[in-house]
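Residues per chain are reported as follows:
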Amino acid sequence: MSASREAYLRGVRAALPFAVVIVPFAMLFGLLASEAGLQLYEIVAFSVTVFAGASQFAALHLLQDQAPLLVILATSLAVNLRMLMYSVTLAPHVGAAPLGVRAAMAYLLVDQSFALSIAEYDKRPTMTLTEKTAYFFGAVTPVLPLWMGSTVAGALAGRAIPPEYALDFAVPIAFLAMTAPMIRTWPHAVAAGLSVVLTLALTVLPYGTGLLVGSTIGMAAGAAFEYWRERRVAA
């Protein structure tokens, strides 16, 4: 078996456990989107064009609240700003890949593919560029069809899903499982902690704009703390 094929299969195997949260998470989105009045083709188009669960939920909630388009776009952008940080982290590993490959990776960059890939790259520093890209695509291979299929299943099931199934449990669990291991330094902790505190404190703001304010201030505080720490070490 070639090294790239082996890396791809390792990525597939590593991503399979995420089915536990991806399936109910995606079904919940399909269910809520259906209840919000979206047609099946609109729900599918939503997932295909965005393919980012957190921002999809945020946008759907704001659409239901009839928020202004600018607020919806700004909130979705704020929620997805972490993808920019993911890209910066991955660039030293896969930045030399061909443009088409990088474009595909950008579209398929989700929390699962990032978390698994960066952990694998750190664990196996001798991986080649081909092996790294193969692992990334392997890590997202189970995620994409599971997300799309479960979204359609949730939309078709609609209100037939019993409330006691409580599918919304998948949302906080998925993000806790992925983000908690990434909080490795004090700047990370400052950014995450302050964002959470401020977002909860600003829930009174309309259209969920407290998330925009909280996340922006949290990221700025984390960056400022990192800058201060580096200056202190240099001094």
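If you're wondering where the values come from, they're calculated on a predicted model, not measured in any experiment.

A. View of a nonpolar patch on the surface. Among the surface-exposed residues, Leu-40, Val-44, Val-48, Tyr-107 and Leu-156 lie close enough to one another that they form a single nonpolar patch of about 410 Å² accessible area. No other element matches helix H3 (residues 40-50), which puts three residues into the nonpolar patch. Following the sequence through the fold, Leu-156 ends up in helix H10 (residues 143-157).

B. Highlighting H10. Helix length check: H10, at 15 residues, gives a terminal C-alpha distance of 21 Å against a target of 21 Å (1.5 Å per residue), a fit within 8%. Among all positions in H10, only Val-143, Trp-147, Met-148, Ser-150, Thr-151, Gly-154 and Ala-155 are buried. Buried residues along H10 sit against helix H2 (19-35), H3, helix H4 (53-64), helix H7 (99-107), helix H8 (111-123) and helix H9 (129-140).

C. Representation of the nonpolar core. Membership of the largest hydrophobic core comes to 42 residues, with the highest contact counts inside it found for Phe-29, Phe-51, Leu-90, Leu-109, Tyr-121, Phe-136 and Trp-147. Here the element with the most residues in this core is H2; it accounts for seven residues. Look past the residues within four positions of Leu-90 in its chain and what remains in contact with it is Gly-95, Leu-109, Phe-114, Ser-117, Ile-118, Tyr-121 and Phe-136.

D. Seen up close, the packing of helix H5 (residues 69-79) against helix H13 (residues 209-234). Contact geometry for H5 and H13: axes closest at 9 Å, N-to-C directions at 35°. Crossing geometry of H5 relative to H13 is assigned as left-handed. Judged by residue contacts, Val-71, Ala-74, Thr-75, Ala-78 and Val-79 of H5 engage Thr-209, Leu-211, Leu-212 and Ser-215 from H13. Per-class residue counts for the contact of H5 with H13 are six nonpolar, three polar and no charged.

E. Inspection of the confidence of the model for the protein chain at higher detail. Residues with a pLDDT of 70 or more make up 88% of the protein chain, whose mean pLDDT is 85. Across the protein chain, the element-wise mean pLDDT spans from 61 in helix H11 (residues 170-179) up to 96 in H9.

F. Summary view of the environment of Ala-139. By the secondary structure assignment, Ala-139 is in helix H9. For Ala-139, a relative accessible area of 0% translates into the label buried. Along the backbone, Ala-139 and Val-110 are 29 residues apart, and their C-alpha atoms lie at a distance of 10.0 Å. If we ignore the near neighbours within four places in the chain, the residues touching Ala-139 are Gly-11, Val-12, Ala-15, Ser-113, Leu-116 and Ser-117.

G. Geometry of the packing of aromatic side chains. In the structure shown here, the tally under the stated rule is eight aromatic pairs. With centroids separated by 5.7 Å and ring planes inclined at 85°, the aromatic side chains of Phe-136 and Phe-137 adopt a geometry described as edge-to-face. Relative accessible area serves as the criterion here: at 23%, Phe-137 is assigned to the partly exposed category. Ring pairs connect the aromatic residues Phe-25, Phe-29, Phe-46, Phe-57 and Trp-147, which therefore count as one cluster. Here Lys-132 stacks its cationic end above the ring of Tyr-121, 5.5 Å away from the centre of that ring.

What counts, and where the lines are drawn
Residues numbered from 1 in each chain as written. Predicted model: local features only at pLDDT ≥ 70, side-chain atom pairs only at ≥ 80, totals over all residues. Heavy atoms only, no water. Patch = residues over 30% accessible without salt bridge, like charges linked within 9 Å, V, L, I, M, F, W, Y side chains within 5 Å. Areas by Shrake-Rupley, 256 points an atom, 1.4 Å probe, with all protein chains shown as cover. Salt bridge = Lys/Arg side-chain N within 4 Å of Asp/Glu carboxyl O. Helix = DSSP H or I, 4+ residues; strand = E, 2+ residues; numbered from the N terminus. Expected span 1.5 Å × (residues − 1). Buried < 20%, exposed > 50% of the residue type's maximum accessible area, 1.4 Å probe, protein only. Contact = heavy atoms within 4.5 Å. Core = buried A, V, L, I, M, F, W, Y, C linked by side-chain atoms within 4.5 Å. Axes fitted to C-alpha atoms, helices over the stretch in contact; angles between N-to-C directions. Left-handed = near helix turned anticlockwise from the far one by under 90°. Nonpolar A, V, L, I, M, F, W, Y, C, P; charged D, E, K, R; others polar. pLDDT = per-residue confidence, 0-100. Phe/Tyr/Trp six-rings, centres within 6.5 Å; stacked < 30°, edge-to-face > 60°. Lys NZ or Arg CZ within 6 Å of the ring centre and 35° of its normal.

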